[in-house]
Amino acid sequence: MPEFSHHDIHQLPTEDVLKRLETSNGGLSSDQAQRRLARYGPNVLVEPGHYSWIRGFLRQFTHFLAILLWIAAALAFTAEFMKPGEGMATLGWAILGVIVINAGFAFFQEYKAEHAVQALRRLLPSKAWVTRGGQSVEAVRNEIVPGDVLILEEGERVPADARLIEAIGMRVDNAALTGESRPKRRIAEATQDGDWLDLPNLVFAGTTILSGHGRAVVFATGMRSEFGKIAALTTTVETAFSPLQQEIIKVTRIVGVISLAMGVTFFVIGVATGLGFWISAIFGIGIIVANVPEGLLPTVTLALAMSSLRMAKRNALIKHLPSVETLGCTKVICTDKTGTLTENRMKVDRFFADGLEIESREGCFFTRGRMISTADAEQWRSFFDALLHCHNAKRIRKSDGRFVVTGDPTEVALLEFAVEHGLAHRPSLRRMGELAFDADRKRMSTLHWTEGRLIAFTKGAPESVLPLCANTHVHGNAIMMTSHERTRILSQSRSFAEQAYRVLAVAMREVVHQPEHIEVETIESDLTFLGLVAMMDPPHREVPEAITKCQRAGVRIVMVTGDHPLTALAVARKIGLVPEQAAPSPSSFVPVIEGSQLDKMSDEALRRLLTPSHPNEPDPVFARMAPRHKMRIVSTFKEMGEVVGVTGDGVNDAPALKKADIGIAMGITGTDVAKETADMILLDDNFATIVSAIEEGRTVYDNIRKFSSYILASNVPEIVPFLGYGFIGMPLALTIPQVLAVDLGTDMIPALGLGTERPQSDVMDLPPRSRSERLLSLPILLRAYLFLGVIEAAVAMGGFFLFLYSQGWAWGTHLDWSSPLYKEATTVTFAGIVFAQVTNVFACRSDHLSVARLGWLTNPLILWVWIFGPLVFGALALLSAEEGRKFIANRRLHVTNEIGPETKTREERV
């Protein structure tokens, strides 16, 4: 059976649609459905490439950072094998524990991020009603095939892409697919070409029927549907390393290669100069272990985890830890409009009555800068009564006592407006009849009984209602509408529409005699005009300030939405994204680019469009964008070298969320797909939370620099003892277990203290860092190795020799590694490094501000370093002393068994 062509299915009359899809009004027979199921496959989303949990888990043990820790562990076990009893095996197992903990944590993050397709499956309905063999049957969604006739009712989700063959009062919500907040009217008649997702006689998988009912013939299922195409885009996007991961990999690779090269070189030099294999091996292993920053990966992981906890308190949930820092270097945020910048719900913003434009704000009315009293608002009681009764929305009391409003979003907005202003507490008028909304009339009317008379309320499009009005309501009285008044009302309606408001006209009339039949001619004539209502999906209250902060911080905000260009531009104006004088055309100020224009644009032209000619030039507004368009914009920004963040809440945002350097989803209104694909979730759906997250991201990068410099500074006093041991023959002042104890023990808490430093006051007044800026620049490395490290080495080595000379040791005298004197001397070296690092933590807090200016009490965790450092050192020193006592006891037992207790010399007894 050949593939059904459906590129022009919207242009065909109903009979030709059925013929094209080889079906009938009564649907397919059971046999036909089975054959098509075998031909086209089930109506499910297939994930390209099966994700293996085992491979995902093992991958956490093989990246370069983990390999460095494997090398450190291998060296520890090698040293234990070559010279047992030094405690190297214990430290080897400790390093392995660090590897397993880091791998487990990283795998858990990856496991959570692999559910995007499963969330897509959950969004589609599990069953649907279809007509088969002339009978209505409930079919499993997986078994719906091209040619099936769907039965669509209010509140249902569409299970597959279909062409309507019957539609009565149908409106659909395409927001999850296109991002457009307004309900879309649907018809069954053939229509001409237009944007595919906006064609009025098509319904798509995953969208919702808001009102009305109808029937439709399926033409695309599974991965061939628009929903499936988005799933394919989402799952084929490759996830790249974050900027922080790339920087840490570069740093650790450089340090690792240098460490291995130095270790091998000094081992060869030692053997060549006659030091012997064992001494040369200890020399080489010590150089490698001293250089490898074993504590860097655990410290970075813990610092990012602590930062993510702080961000969670500020309503930003981090799913992927490196994303904490990625926000700090983000230069561009491509944001959706609906549900991200706006509240994703229609709301009455203002109305026009009695010749006044009245703004609704926080439960009060304002006009011309003054608040209107309750008594003055009483003159518009008829207007409010019409809003309160001329709709089919419902108030439902939930189990917890709260009321929720359900129904068409426009009518929900009207009822919520009435509730907000205390109008819903009046007794409801008894409804006597209704003239339902239809596409031809573009209005609806309801009849109500009140105070012994029959009242009709009408609402609809201004161009539909105004010609039916003979009177207008002024100060509570009905007067004849003049041509001047009619022109003024139409002008106000156009003004609202140009501001991207959805405008409804409201009117009423008294019906003198109750008609036997409710007809348009008897009800919708000689109306009295009551007012205009202007509704829109309003921006979040905090968004304008957040936009200003982002612009001051050098972060570009680019709106990429599936909504109408006028609506997109109006919202951009309201939040300060574009200047007020911008026109809705490709002007020299703010070009408004639609998806059809982007399709015709070359890559070079798009790059020019996205490159501002001067710093204050506003970015273009992208409207009518499909998922592939968003992907292309994000990809182009990344090719230009920008670090890109993408915000969104719908299914249509999922591919771009995954493609971006950091994807940001809405936690309340966001679909499961968006949440599972994103790296960060805004728990309060507030764009302003991103500003706090950017501040945290910039701070954590600065803090990682601080503790990286702190950790690397201790490498110098760790390397110097091995250099002296190999080249000038001095006693080895530090053992390998002590090196690892510094890197994985005493350095951890001070480094974490640096990781919790508060943001500097000017952190949001600086531009984002460049991708080319290194985590450890040359000045930072020079400060760590040639300034701070040299001071620490001088302190540690000075303490080592001072202690030896105080105990009567002289240069050139052999010092037995098993003697208590040697163990005590190395403990002094260890203590010198530990206490130098405790002091160094204050030097690393800032490279240009003193501790007095930073404040001694501004970082409580660093204060604990003064307590924790000596305690850890004391525990390790006691452990070292205990190992020494065990060695001496074992040695004494060995000598006693060999020569007997009576023949021991003084030296042997010692």
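Definitions and limits used
Residues numbered from 1 in each chain as written. Predicted model: local features only at pLDDT ≥ 70, side-chain atom pairs only at ≥ 80, totals over all residues. Heavy atoms only, no water. Helix = DSSP H or I, 4+ residues; strand = E, 2+ residues; numbered from the N terminus. Buried < 20%, exposed > 50% of the residue type's maximum accessible area, 1.4 Å probe, protein only. Contact = heavy atoms within 4.5 Å. Areas by Shrake-Rupley, 256 points an atom, 1.4 Å probe, with all protein chains shown as cover. Salt bridge = Lys/Arg side-chain N within 4 Å of Asp/Glu carboxyl O. Pairing = 2+ DSSP bridges. Axes fitted to C-alpha atoms, helices over the stretch in contact; angles between N-to-C directions. Phe/Tyr/Trp six-rings, centres within 6.5 Å; stacked < 30°, edge-to-face > 60°. Lys NZ or Arg CZ within 6 Å of the ring centre and 35° of its normal. Patch = residues over 30% accessible without salt bridge, like charges linked within 9 Å, V, L, I, M, F, W, Y side chains within 5 Å. Arc of directions from axis to C-beta. pLDDT = per-residue confidence, 0-100. Parallel < 35°, antiparallel > 145°, perpendicular 65-115°, else oblique. Left-handed = near helix turned anticlockwise from the far one by under 90°. Expected span 1.5 Å × (residues − 1). Polar contact = N/O pair within 3.5 Å; in protein donor to acceptor, adjacent residues only side chain to side chain. Core = buried A, V, L, I, M, F, W, Y, C linked by side-chain atoms within 4.5 Å.

Description of the overall build of the chain
Counting its regular elements, the chain contains 35 helices and 28 strands. Within the span of the chain, comprising 910 residues, buried residues form 54% of the whole. Looking at the chain alone, contacts between residues at least 24 apart form 71% of all its contacts between residues at least 6 apart. Counting only carbon and sulfur atoms, one obtains 58% of the accessible surface of the chain, whose full area is about 39,900 Å².

With respect to the pattern of salt bridges
Counted according to the given criterion, the structure contains 32 salt bridges. Glu 343 is the partner of Arg 345 in a salt bridge, and the nearest nitrogen-oxygen pair spans 3.0 Å. A salt bridge links Lys 459 to Glu 411; the nearest nitrogen and oxygen atoms lie 3.0 Å apart. With Lys 459 in strand E18 (residues 453-460) and Glu 411 in helix H16 (residues 409-420), the pair connects residues that are 48 residues apart, well separated along the chain. By relative accessible area, which is 7% here, Lys 459 ends up buried. Exposure remark for Glu 411: the relative accessible area of 10% places this residue in the buried category. A single network of salt bridges, built from pairs that share partners, joins Asp 349, Arg 350, Glu 357 and Glu 359.

A look at the sheet that holds strand E8 (residues 316-318)
One open sheet accounts for six strands, arranged E8-E28-E27-E26-E9-E23; its pairing is mixed. This sheet does not close on itself; its edge strands, each paired only once, are E8 and strand E23 (556-559). Strand after strand, the sheet turns through a mean of 20° between neighbouring axes, direction not considered. Here strand E9 (residues 332-335) pairs with E23 via four bridges, running parallel. Pairing of Thr 335 across the sheet is with Met 559, part of E23.

Points about the packing of aromatic side chains
The full count for this structure, using the stated rule, is 18 aromatic pairs. Each ring, one from Phe 384 and one from Phe 417, has its centre 6.3 Å from the other, and the planes form 55°; the classification is tilted. With Phe 384 in helix H15 (residues 381-389) and Phe 417 in helix H16, this residue pair connects regions lying 33 residues apart in the sequence. The same class applies to Phe 384 and to Phe 417, which are both buried. These aromatic residues form a ring-pair network of at least three members: Phe 351, Phe 365, Trp 380, Phe 383, Phe 384 and Phe 417. The ring of Phe 437 carries Arg 171 above its face, with NZ or CZ at 4.6 Å from the centroid.

Thoughts on a nonpolar patch on the surface
A cluster of nonpolar side chains, contributed by Ile 269, Phe 727, Ile 728, Tyr 805 and Trp 811, occupies part of the molecular surface with about 540 Å² of accessible area. Note on placement: Ile 269 falls in helix H9 (residues 243-272). Look at Ile 269 and you get partly exposed, because its relative accessible area is 32%.

Let's talk about helix H2 (residues 30-40)
The complete set of buried residues in H2 reads Ala 33, Arg 36 and Tyr 40. End-on view of H2: buried residues confined to an arc of 70°, all on one side of the axis. Facing away from the buried side of H2 by over 90 degrees, the exposed positions are Ser 30, Asp 31, Arg 35 and Ala 38. Phi turns positive, to about 85°, at Gly 41, one or two residues after H2.

Structural notes on the confidence of the model for the chain
For the chain, mean pLDDT is 79; residues scoring 70 or higher make up 81% of the total. Across residues 883-910 the pLDDT falls below 50, and counting only partners more than four positions away or on other chains, this stretch makes 13 contacts in the model.

Here we look at the environment of Ala 76
In this structure, Ala 76 sits in helix H4 (residues 64-82). Separated by 661 residues in the primary sequence, Ala 76 and Pro 737 place their C-alpha atoms 8.0 Å from one another.

Here's the deal with unusual backbone geometry
A positive phi angle is found at Glu 22, which is not glycine, with a value near 55°. With respect to the helices, strands and loops of the structure, Glu 22 is situated in the loop between helix H1 (14-20) and H2. Classification of Glu 22 by relative accessible area gives partly exposed; the value is 44%. Even without a glycine there, the phi angle at Asp 354 is positive, about 55°. Structurally, Asp 354 is set in the loop between strand E10 (347-353) and strand E11 (356-361).

Comments concerning the packing of helix H27 (residues 688-713) against helix H31 (residues 778-806)
When two helices pack together, their arrangement is given by the angle between the helix axes and by the axis-to-axis distance. For the pair H27 and H31, interaxial distance at closest approach is 8 Å and the crossing angle is 45°. Of the possible angle classes, the one that applies to H27 and H31 is oblique. Considering how the two elements wind past one another, H27 and H31 form a crossing that is right-handed. Here H27 contributes Arg 705, Ser 709, Leu 712 and Ala 713 to the contact with H31, which in turn contributes Ile 780, Leu 781, Ala 784, Tyr 785, Leu 788, Gly 789 and Glu 792.

Some remarks on the pairing of E9
The side chains of a regular strand alternate, residue by residue, between the two faces of the sheet. Across the two faces of E9 the burial is the same, with Val 332 and Cys 334 and Ile 333 and Thr 335 all buried. Sheet topology note: the E9/strand E26 (residues 644-648) ladder contains four bridges and is parallel. Of the residues in E26, the one forming a bridge with Val 332 is Val 644.

Some remarks on H16
Between its terminal C-alpha atoms H16 stretches 16 Å, which fits the 16 Å expected from twelve residues at 1.5 Å a residue. For H16, the complete set of buried residues consists of Thr 410, Glu 411, Val 412, Ala 413, Leu 414, Leu 415, Phe 417 and Ala 418. The opening residue of H16 is Asp 408, an N-cap whose side-chain oxygen sits 2.9 Å from the backbone nitrogen of Thr 410.

Concerning the nonpolar core
Met 680 and Phe 687 are the most contacted members of the largest nonpolar core, which totals 79 residues. Here this core gets 13 residues from one element, more than from any other, and that element is H27. Residues within four places of Met 680 in sequence aside, it is in contact with Met 311, Ala 316, Leu 317, Ile 318, Leu 327, Ile 662, Gly 663, Ile 664, Ala 665 and Ala 693. Counting 27 residues, the second-largest nonpolar core is a separate cluster that includes Met 346, Phe 383, Leu 414 and Ile 455.

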